[in-house]
Each structure stands twice: as C-alpha cells, then as structure tokens.
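Commentary on secondary and tertiary structure
For reference, the chains in residue letters:
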Amino acid sequence: MELKINGICKTYGMIKGLDKFSATLTDGVYGLLGPNGAGKTTLIRIITDSISCDSGEISLNGVDIKDLGLSFRSYLGYMPQQDGIYPSFTAAQYLSYIGALKALRREEMNRQVEYVLKAVNLLEVSDRRIGTFSGGMKQRLMLAQALIGDPKIIILDEPTAGLDPKERIRIRNLISGYALNRIVIIATHVVSDVEYIAKEIILIKKGRLIYHDTPDRLCKSLENRVFEIKTYEENLEKILSRFEVCNIQKTTESIIVRILLKENQSEKKDLYGYDYRMIRATVEDVYLSVFDEEREKELIK
Amino acid sequence: MNLITHELRKSFLNRSAIIFLVCLLAINMLAVYISERIDFGFDADIRSIRKLDQLLMGMDKTQAEKYLNEQIIIQNIAIMDRQDIIGIFKTEYPDYDINKLVERYRKGDYDKYTDIAYRDLSLFRQKLLEVESAYSYDEYIQSVINRAEQLKKSSIFSDTPFTIRNASKTYDDFNSLDIKMVRFNSSKGVLCATRNGITPILLWVFGIFVCIQTFTKDRDSHNLELLRTMKRGRKQLMTSKLISMYYFVSVSVTVTVLSSYVISYLLYGFGDISMPLQSVYGFRSSIYEISVGGYLVLYILLFVAVMIFLSSVNLLIFVTISNSLKGIVGILLVMGTAYILNKGISSVSFFNVFKYINAYHFLDISRALIEYLNINILNYPVSYLLLFLITICVGTFAAFYICIHISKKKKERTYASSGILLKARKRKVPVAGIFWYEVYKSMVINPVIIILLVFCIIQIATVHPREPSEILNKKEFIYMKYMEVLEGSISDTKSVFLKENLIEIKKKQKEDTYNSYTDQIEVIMSLIAKDDRLHNLYDVANDQTIRRNISFIYERGYKEIFTDGTTTRFTALYASVLIVLCISGIFAVEIKNNTYEVITYTVYGRKRTFWYKQIITLIISLIVLITVYLPYIIKFSKESGFACLDAPIACMEDFALLPLEISVLEYFIWLFAVKFIGLIVMATFINLVSHYTGEPIVTASISLAAFVLPAFLSFSGIREMSDILMNVFLYGNRLATLSLALTIQSIVLVIACIVCFIILYIKFNKVIIIKNRKPSS
Ligand SMILES: Nc1ncnc2c1ncn2[C@@H]1O[C@H](COP(=O)(O)OP(=O)(O)OP(=O)(O)O)[C@@H](O)[C@H]1O
Ligand SMILES: [Mg+2]
C-alpha cells in the first residue's frame, strides 16, 4: 500500500499550519516528530479527512482519497490527540459502538472487541464506565478504538502521552507488531517511542518537512558531533554555556555530560583539554540539533 | 463514622446528586404552584382565598355565616340580575333583607375577591361549607358516637365479629376524645402542603434515583472489588452505605416537603397553627389531639419514615437483582402490584389489610393522621396509624438486615469465582446496532427520558377532567344538556322538537311564579338560531356528503383546542420548553466529548450518525407532541366529548368563515400537523446551534431566549407575540385558517429551517462542494 501526500498547504487565518508538505508512505511505522505547534495534528487531520486542505492532494495507491471517500475511511484507524469518549459508556460498549461504526459484522465484533481490549490490557475493566477510568486507561482505550476493525492505515496522535513506562513499552511493542503489513503513523514528541520501531522518521517544523529518512541515516548525519565529557561539578557551568548539552549524568565521583557540537565547533579545537570520547548519535540528538538551531536563530534575530 | 461520611460524600455530595436534588425542588415547587393555579383558574387572583380566610377567622359562627350568605345572594344577583331571581331568594333566605342586599349590590357596596362573579360565588359557597363543617364539629362527634353505640348494641346489623369490635373501638376512641373550641381555620394551605399528589410521587421517583446512586454506582464501576480488600468488612461497608442513604433521603425529603410548605404558605398561609387539627376542612375524623402546627411537623417525620422504608425496600430489590435496569423494573412491578391491591380490594373486605398496609397507600402519608380507620386483622380492629408505624419500622429493619447479609454472601461468591481473576470470566460484549447506541446517547445519557418522564408525572398530576357542574354555569349546563340530545346531523325532527319545546317551556314559564325558566328559554332561542344557520349552510352546500354531515356540534371541547385560549398558550409554552431541553444535547454531545473526531473517521460515522440523530429528533418531537397534548385531549374528550368529527368545521360559529369542505377531523389533523412542523423547525434550529456551540447548556440558553421567551411572553398576555416566530406554528389556529401574513411568515421559517438543515448536513458530514485541486506539478 502506498499513501502519497503531495504538496499539502493549510493556513489558519494568518498562521501557516502546513506548508507544501509532501511525503510518500509505505507499509511500516513512521515517526512524525516536531515541537508543539509544528503542524503534526493538522497533517493528521488532513490525512484522516477531518479537515480539508487549501491545496495539494493525498492519494492511496494512486487514487485521491476524496474520491475514495467511504472506502478510504474503511482502511483508517485513528487515535486523536484528545480523548473522545462517552463517560457513561462502558469500555466494551464503546468499542462495540465504534466497531459498529466501522461496519464490523456482528459475528466479528465479539472477537475483535475482546482482542483489542486484551491488546491494550483493559480486559479486566471492560464493563466499567469510562468516566471512572484514569487518564492512561482512557488513552489506552483510545488506542484500542483505533485498532478495532483491523485497519490498514493506523494513525496515532501522541499515543503514549500519560502512560506509565510499562504500558509505554507494551504499546510500543504492540504497534511494531501491527506494522508488518500496515501503514502506521505516530505523531509524538517522545523520541524514544519511535526511535527503535520506526522505519522512517519525519521531522516537521512550522508546517514544513525538515527531514524524512530512516533513523540510521538520520543519526549518521550527526556523525562526529556527539561526545561524552567526563568532568567535575565545578566545570559544569562552563560546559553548559559553551555546548549544546543533551544529557547530564551523575556518577559517584564525576559527572558525565553528553554534548552536541554545533556546526561551527570542531572536536580538536573546542574539546581540547577535556576528558572526552565520541559516541554514536541517537534520534534524540537529531531532534535536539534540528529544533535547537531553530531556537538559536530566533534568539539571534 | 468515617466510612459513612466517605460514602455520603462519594454517592450524594457529588454534582449529579446535587443537581438532581435542586431539579427535584424546582419541579416540585413549580408543579404544586401550577396545579393550584389550574385548579383555581388561571384568570383569577389566587390570593383572594387567603384574604377571605383571614376575614372569616376573625368572625364567629353567626357572623361568618351571615357574611357568606349575604355575599352569595349578592353574587347571585350580580350574575342574574332579574326581578324573578330576587323573588326566589326571598323565599329561600327568609332571614335576610333581600331588598337591602339588592340595594347594596346596586351601590356596589359588597366585597369582590376575584372580580369574576361566578368564581367568587363558588368561593363563597366553598367557604360556607367549611364554616359549617368547622362549627358543627361537636355534633359530628356526637353522631359518630351514637352510631357506634347503636351498632354495638344491636347485633342485627353486625354480620361479622369485626363489625361489633370495630363499633366498640370506635365508641371508645371518640368518647375519650377531648377537643374543644374547634373554630373556622384557613385550611387550603395545609391541604395544599400535605395533600397534594405531586410531592409524594416525585419523592418516590427520587427514591429510586437515590438507590441507584447508593448501590449501582459502586457495583457498575467495580469499586466493590477494591473496597472488599479494605480492612473493614463488607458488613460495615453495606451498613455505612445504608445509613448514608437514610441520611440523604431524610435531608432531601425534609427539604422537598418544606418547599411544598413554602409554596402553600406563600399562596394561602397556614391559618392559625395552634388550633386543633380537626379545624382543617376534611380532617375532622382524626382522633389525634394535636394542633395544626404539630401536624405539619409530624407529617414531615412520617414522610421521612415512609421514604426510608420505601428506599430500603428498593435497595433490597436492587441488591437481590443486582442489575440496575432489572432493578428498576422490579421496583415498578412492586409498586404496580401495590397499586392494584389498593384499588382492587374493597375497604370492608376481610383482607383490607392489603389495601391499606401497602406501599402505594403509604405514599398518601397524611391519611395516617387525619383519617379514622381500623384495619381488620383476623377480625380484630387495629388502628391504621399503629399498623403503619409497625410496618415501617419492622419493614425497614428487615430490609436493612437482609441487605447486609445478602450483599455479604454475594461479594464472597464473586470473590471466589473470580478468584484473583485466575479464571477468566465469560465476558459478554454488547452487540447492538448503531441506531440503538445513538438512542442511548441521545435519550439516556442526554437525560431526555427522565425529562419526559417527569413531565408526564406533572401532566398526570395537573391535568384531569372535571365534572361539568364544576366548570359550567347554569346556562352552559342547560346548553350541554340540550346538546346531548341534539348532537348529530340536522334534521326536521330536531327543528320541530326545538320549536315545540320552546312553546312548552314558555307555557311553563307563565305558570311559574318565579320565572325559573328564563335561562332555558334563552338557550332554546339560541339553538333555534343555530339550527337556522345550519339549514342555510345546508342550502348553500352542493355536495351531498357535505350536506349529510352538517351537524349540531357541542363546541366546548373543540374551542379549548382550536382557539388561542389558556390551553393553547399553556401547551405551546410546555412544548417549546420541552423541545429545548430535550434537543439541545443531541449534536452537542459529540463536540463536547471530543468524540466527533473519532466517529467521523469511521465508515458509518458521518451519514448514519447524522440521519439517526435526525430520526431521534423526529421521535422526540413526536413524543413531546403527544405528552403535551394528549392529556388535554383526553381531558376535554371526557369533559365535553369530541363528537361529529365528519361534520364541516364551519358548523361551529367561530369557524363560520372556513370552507365547507374542511371537516372537523381534517382541521384537527391539520392543526396538529402544523404544531408538529413547528416542533421540528425548532428542533432543526437547535440542532444547528448545538453542533456549533458544542455545549448543551449554551445551546439551551440560546434557544430558550429565541423560542421559549416569545411563547412565554404571549402566554403572559402579550397578544402580539402569538403571531411571531415559532408561536405561528405552536398556536397554529390562525395559520390553520390561512391568514396571509402568518402563511408568509411560516413559509419563510420553513425555508430557513431547510437551509439550516442543509448547512448542518454539510458541516457534520464534511461535504466538500467545490474541489480545489491544484494541478500536480
Ligand atoms: N483550529 C485551528 N484554528 C487556528 N489555528 C490552528 C487550529 N488548529 C491548529 N492551529 C495552528 O496550527 C499550528 C499547528 O497546530 P497543530 O495542532 O497541528 O500542532 P501539533 O504539531 O499537533 O502540536 P502539538 O504537539 O502541541 O500537538 C499551530 O500554530 C496552531 O496554532
Ligand atoms: Mg498535536
């Protein structure tokens, strides 16, 4: 399956929500990364045909989704950013309702509802009113709702917000299991959610596509720029002011600072005198490098 | 104690419980007020009762009787000021100087209360009854004692041992009674406060809600599973639940009854509350030596006791059935059985204990205090109050005990079977169509069913047919009697009958010295005129079937519905309020819960949801139409009947201008079709607003201002308002007669409604009309 996004523009009054966004998606997990207000939700809403775009088109296997209409929606599983629930429904009722809306047959329903409830670990509370659920439980229910009916395109807007670490890992594994023959799009700010399972990462900033590549190649782009410095408390001030710091780790006798060299800095010149070693970049580093430069540019302006 | 406060806070001090209580209070006060106003007549000033009562309380027996009799005579003269009437009064009231009274009437030197002569008259008559009843208390007691003594002695009358024992108990009870100085006392306030049918029914419904809050909330949300791991046992938990429920019931019953008291006090006052209870009209068979004030306090206590008893029983039903819906059905069944037993068993039957000691009869709380009643227990008479109290105490205690023990067992069983959830329970996934989920969302979550149910109760409590003698004056009564004979198609025999009857009555009138046939003659004359008019219509009409259908029609019932009278204005107000309350949430619920985004990405989420919502809107409008108008139609059909549905509407004088082709039935259907269209137009506007605002409350306030305000203004007497906006449809009569301005207005409204509908359709379904596709580069 191939979902092709071609030159999507969307403006909200004066604000540019999306600006000529294009990408081609095939089976696998896509991590959609970007800071608040970058346009992730806007893009997703356009893909799900919840709002219309000003220009551009989206096509599935070469056919415009507007022409596909109903049959396009039958492929969709969508988890919105905000919980959309009826507090007085029970979890099972809610899922069976959404299942019915997704044109699931009655015989299928029983199996599907039970399956997705088990998948998100809510089977035990399936006949409790949703109003009594905790935030994380609601979040999982929303995910279950997206998964029911075996959709071929799964779009998740911040699926792991508010989940505890155990559930987060569960969900991550669940999603990667799903992605074998489906398109899965995950919008998130939490890099670790998509870092290891994503086939490709899409970085989006101010409505514009910045990077679109596999995690490996993204990390390669930062080769020779990520270092770890072993130092002591008293030097910390200086390092913080000088370098882009990703992480600070305290050990019993010393401090390990993970830094990202800026474009105009070089290993030889700037790291001279420190006890340092080069390490492999992660997607988080890429994220920081992309979106921090941005902040700096604004500061200069 | 801690557990109880915790329970109380969890179940009853939350928002929905408080809102429910506030609604209960508001509905109670409103319903009591409305039913009192309807009973007295909307056009009359209800405070006049209080004024008159106060005046009478300051008088003694003779003064009061003299005053009332004089007023009655004067009002009679005011209604029929003729020489012959005065003659009748002279013989009927020999002690009064009729001529002087006539003079007073001419000078206007008499008291007016409501400014409506026949209302004043019936008010004075009623008060005369009350005055006589109050001052004849001693004689009444004596007569009861005498009768009991007679029965006791002569065993011929007594067929069962119960009768004799009952007689001797009655004798003892009344003989030992020591109540002196029963004087006239203002009773209407006490009657309204403690004998209205509305408060008990509302509180009973409220009781069910309380049970649901107490029990099912925890059960449905499986909190019980967590709670049972607590240190304290289940027994304490259930006890604290029950006690907190009792506490809440007591508080809400007290507050609600007090609210009825407040309304009654504001309307009528309670008179002299230090006087004995027997001074209240209708309460004189009571054998309890308490004052009116004491009675009012005791009433609240008894009410609380009854409601605690009933809610214990209800909770017991819930605990045993352990399913909220079936529980409610169970409660309804129990109450239904009680009702049938109460209505079915004769009061003198050997089994009359089931008639009186039963949940339905208990709801009529004041009876225990004001009525003298002995129940047959194995042929021994036992006082009703005693049995009542024993039943309530024992019943409550038993229910309490069983509840605790049942729930203990139940919890243990589920615990065992779920056994730390090793064995997966068989889960039932609810499978229902989209439509039923939509119904559930729009009518249960959005509390349409409750609103309509409460409204039904209000309707049943306030709208009931009355006897012709209560509502008709003499002439109208004669007219009705003639119509009973004449109703149906015109014929020569009827014309002849009328003419002969006129001659006959005129002859009688001449022989009669009191001229008592004047009214009748007038009525016959008007009927003859009517007959002539109908015959003219007959000649004008050229279609045979129309000719055959031209009939005498008794108009009274039709007039209430076909003209913009009180009934029409009132029902229009009701209908618009109901539509606003019921429809406001239907579309808003999706936006408010953020579920719009979820359902619209699904296959059926757009079109089907939209159309089902529309269908539900239609259904609700239809139910509103039925619940608002059906009780009134039944009332009028019982009071005056709706005969001659085939006859042309032009047979009625008020509709003489309409073409002959339209029959009464057609007009009837047309009128209600117009009203229904009005409701749908309103509902469509509300749906659109609801989708845009996404807030039921905001929608309701906007629509209240837009739709209910005009209905209310025109209800409160601003005639011009009845011709604008939705009132065009809701009143319907002027539109039904095809008045041009209204027709244009209604067409504009309908077009606007269709536009709204289309906008909503496009918005909800995200239909894109113009595809703005850029040529791909
Ligand atoms: N309905 C709307 N009306 C006006 N502006 C909007 C609307 N929705 C989004 N925007 C604007 O569009 C831009 C992109 O918003 P979007 O919700 O897509 O961001 P996001 O990447 O999902 O952010 P977050 O991570 O916070 O969810 C923002 O600047 C936002 O202010
Ligand atoms: Mg977002």
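Residues numbered from 1 in each chain as written. Chains lettered and ligands numbered in written order. Predicted model: local features only at pLDDT ≥ 70, side-chain atom pairs only at ≥ 80, totals over all residues. Heavy atoms only, no water.

**Points about the overall build of chain B**
If you tally the helices and strands in chain B, you get 35 helices and 4 strands. The buried share of chain B, taken over its 777 residues, is 52%. Within chain B, contacts between residues separated by at least 24 positions form 76% of all contacts whose residues are at least 6 apart in sequence. Summed over all atoms, the accessible surface of chain B reaches about 36,700 Å², with 64% contributed by carbon and sulfur. (Helix = DSSP H or I, 4+ residues; strand = E, 2+ residues; numbered from the N terminus. Buried < 20%, exposed > 50% of the residue type's maximum accessible area, 1.4 Å probe, protein only. Contact = heavy atoms within 4.5 Å. Areas by Shrake-Rupley, 256 points an atom, 1.4 Å probe, with all protein chains shown as cover.)

**Some points on the interface of chain B and chain A**
Contact with chain B, which involves 38 residues of that partner, is made by 54 residues of chain A. Taken over both partners, the interface formed by chain B and chain A buries close to 4,200 Å², and the fraction arising from carbon and sulfur atoms is 56%. With a shortest N-O distance of 3.6 Å, D49 of chain A and R606 of chain B are connected by a salt bridge. Inspection of the chain B/chain A interface yields 17 residue pairs in polar contact (both at pLDDT 80 or more). When residues of the side of chain B that touches chain A are traced back to their parent elements, those giving at least two are helix 20 (434–445) and helix 29 (596–599) of chain B. Of all the elements, helix 20 of chain B adds the most residues to the side of chain B that touches chain A, at 6 residues. Considering only residue class, the side of chain B that touches chain A consists of 15 nonpolar, 12 polar and 11 charged. (Buried area = accessible area lost by both parts, 1.4 Å probe. Salt bridge = Lys/Arg side-chain N within 4 Å of Asp/Glu carboxyl O. Polar contact = N/O pair within 3.5 Å; in protein donor to acceptor, adjacent residues only side chain to side chain. Nonpolar A, V, L, I, M, F, W, Y, C, P; charged D, E, K, R; others polar.)

**Overview of the site of ligand 1**
Residues and elements named next belong to chain A. For ligand 1, the set of nearby residues contains 13 residues, the closest of which are K40, T41, T42, Q81 and H189. A distance of 2.7 Å separates an oxygen atom of ligand 1 from a polar side-chain atom of K40. At a separation of 2.8 Å, an oxygen atom of ligand 1 approaches a polar side-chain atom of Q81. Here ligand 1 loses 66% of its free accessible area of 630 Å² to cover by the protein chains. (Near = heavy atom within 4 Å.)

**As for helix 24 (residues 492–511) of chain B**
Residues and elements named next belong to chain B. Helix length check: helix 24, at 20 residues, gives a terminal C-alpha distance of 29 Å against a target of 28 Å (1.5 Å per residue), a fit within 8%. K494, S495, L498, N501, L502, I505 and Q509 are the residues of helix 24 that are buried. Along the axis of helix 24, the buried residues cluster in a sector spanning 125°; they form a single face. Seen from the open side of helix 24, the exposed residues pointing more than 90 degrees away from its buried face are D492, T493, E500, I503, K507, K510 and E511. Buried residues along helix 24 sit in contact with helix 23 (474–486), strand 3 (488–489), helix 25 (518–540) and strand 4 (551–552). (Expected span 1.5 Å × (residues − 1). Arc of directions from axis to C-beta.)

**Quick notes on the layout of surface pockets**
Empty space among the atoms becomes visible once a probe the size of a water molecule is rolled across them. Residue and element names in this part refer to chain B. Put simply, the second largest pocket is a space of about 580 Å³. Lining the second largest pocket are 25 residues, with F162, N166, T170, V348 and N374 positioned closest to its centre. Looking at the lining of the second largest pocket, the elements that each hand over two or more residues are helix 8 (137–153), helix 9 (161–175), helix 16 (352–356) and strand 1 (374–377). It is helix 9 that contributes the most residues to the lining of the second largest pocket, 6 residues altogether. Across the lining of the second largest pocket, the residue classes break down as 12 nonpolar, 11 polar and 2 charged. (1 Å grid on protein atoms, 1.4 Å probe; cavity = no way out; pocket = protein on both sides within 12 Å on 5 of 7 lines; lining within 4 Å. Points joined across faces, edges and corners; volume = space filled by probe spheres on them.)

**Side note on the pairing of strand 12 (residues 244–250) of chain A**
All names here are of chain A. Bridge count between strand 12 and strand 13 (residues 255–260): 6 bridges; the pairing is antiparallel. Residue pairing across strands places N247 opposite R258, the latter belonging to strand 13. Linkage of strand 12 to strand 13, two consecutive antiparallel strands, is achieved through a turn of 4 residues. (Pairing = 2+ DSSP bridges.)

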